[in-house]
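A structural walkthrough
Chain by chain, the residues run as shown.
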Amino acid sequence: TYYQDIDENGNAVGEVQRLCTKEDIYSLTMEDLGVDSEYDLQLKQEQIINDSYTAPGDNRSPINVQTDYEIELAKRILAIDPDAKFWFSLPHTQIIEGATFYAEHYMDIIYTKIKLAFTPEEFEKNVAGMYWATENATGTVFDTENLVDFGNPLVKAAKYCSDIVHEDGKTMMWIPFTTLGTQYDRIGFIANQTDIFDYVYLQPGYLWNEEKEPFITYIRNSVEAGAVLTTTGTSYGGEKQSSTVIGAEIELDARTVTGSAAEDHMRRYNAYVENYSQFKADKLIAIYCSNRTAMFNAEVNEMLLEWYK
């Protein structure tokens, strides 16, 4: 929600500021917000502000802080493994309609801090790219005839960041959640028809939701095809035009080994293993462990090590 400007060394300076201000919202056009009249535009702008703005509290942690933590962790890892690769996070976009304003600050602050934090040699070798942390693909506008950015604010913002990252020879990663309908459809069009993201890992969500079992198969089929497929097996948007690589995310946390529902969670985790182990050698697999406490549970850690054997 907030950021601070940085000096020539990447240090935060000046006042804490909003990533998207009321003035930014009032600058959005009818086309931006998918409305047909000035009256509706004003109503929509006021609605966004009323829904999204609260009085600033004392805990206004700027995006600079999270990036500092990530840089510190990366340097600790580099001390152990000089060949490690990192994708740094571009945080979740809270006000979807104002996503492009977030994107400008992300690149001015986060990306610049990263370039300043590492030597040119480290940046070239170890900084692989950026991770687009906004998992949803919502927003009022999504024109499938516009294969540049679909007229969608989140896609426009991701493309803004991606273009800068790609100019430096780096890559963009996205790990969107999946639900049937608008979310999954839009993921398919974005991944299949644009080169905004180099890597798209699809989240099944099955570990926490029994009803999402079909996504195990949908995602397996998509990884095999190298394109996001509909539930009936066709490619979103027709023939795939992008070079985006499609991967799967496996979900694993302490719920598989502790608690009254551990048996169910372990069964679901095993479904991932049964369906995605075939991809270990030549496809993209990410493993999500919820949080550091879950990941460093001794039994969960052993399961992680077993996967990578």
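Computed from a predicted model, the values in this text were never measured in an experiment.

We now examine the sheet that holds strand β6 (residues 199–202). With parallel pairing, the six strands of this open sheet are ordered in space as β3-β4-β5-β6-β7-β8. Both edges of this open sheet fall to β3 (86–90) and β8 (284–288), since each of them pairs with a single strand only. Direction aside, neighbouring strands of the sheet carry axes that sit 30° apart on average. As paired strands, strand β4 (residues 127–132) and strand β5 (residues 171–174) are joined by four bridges and run parallel to one another. Looking at the pairing, Tyr131 lines up with Met173 of β5. Those strands touched by helix α9 (residues 214–225) are β6 and β7 (245–251), and its axis lies near 145° from that of β7.

Attention now goes to the packing of aromatic side chains. Under the definition given, this model contains 18 aromatic pairs. For the ring pair Trp87 and Tyr199, a centre distance of 6.3 Å and an interplane angle of 80° mean the geometry is edge-to-face. One end of the pair, Trp87, is in strand β3; the other, Tyr199, is in strand β6, with 112 residues separating them in the sequence. Here the aromatic rings of Tyr184 and Phe215 are separated by 5.5 Å at their centres, their planes lie at 90°, and the arrangement is edge-to-face. Placement of the pair is Tyr184 in helix α8 (residues 182–193) and Phe215 in helix α9, with a sequence separation of 31 residues. Comparing Tyr184 with Phe215, the two get one shared label, buried. Within the aromatic cluster, the residues linked to one another by ring pairs are Phe142, Phe150, Tyr184, Phe189, Phe215, Tyr218 and Tyr236. In this arrangement the basic side chain of Lys212 is found over the ring face of Phe215, its NZ or CZ atom lying 4.8 Å from the centre. We note Lys280 situated over the ring of Trp307; from NZ or CZ to the ring centre the distance is 4.5 Å.

Here is what the cut-offs are and how they apply
Residues numbered from 1 in each chain as written. Predicted model: local features only at pLDDT ≥ 70, side-chain atom pairs only at ≥ 80, totals over all residues. Heavy atoms only, no water. Pairing = 2+ DSSP bridges. Helix = DSSP H or I, 4+ residues; strand = E, 2+ residues; numbered from the N terminus. Axes fitted to C-alpha atoms, helices over the stretch in contact; angles between N-to-C directions. Contact = heavy atoms within 4.5 Å. Phe/Tyr/Trp six-rings, centres within 6.5 Å; stacked < 30°, edge-to-face > 60°. Buried < 20%, exposed > 50% of the residue type's maximum accessible area, 1.4 Å probe, protein only. Lys NZ or Arg CZ within 6 Å of the ring centre and 35° of its normal.

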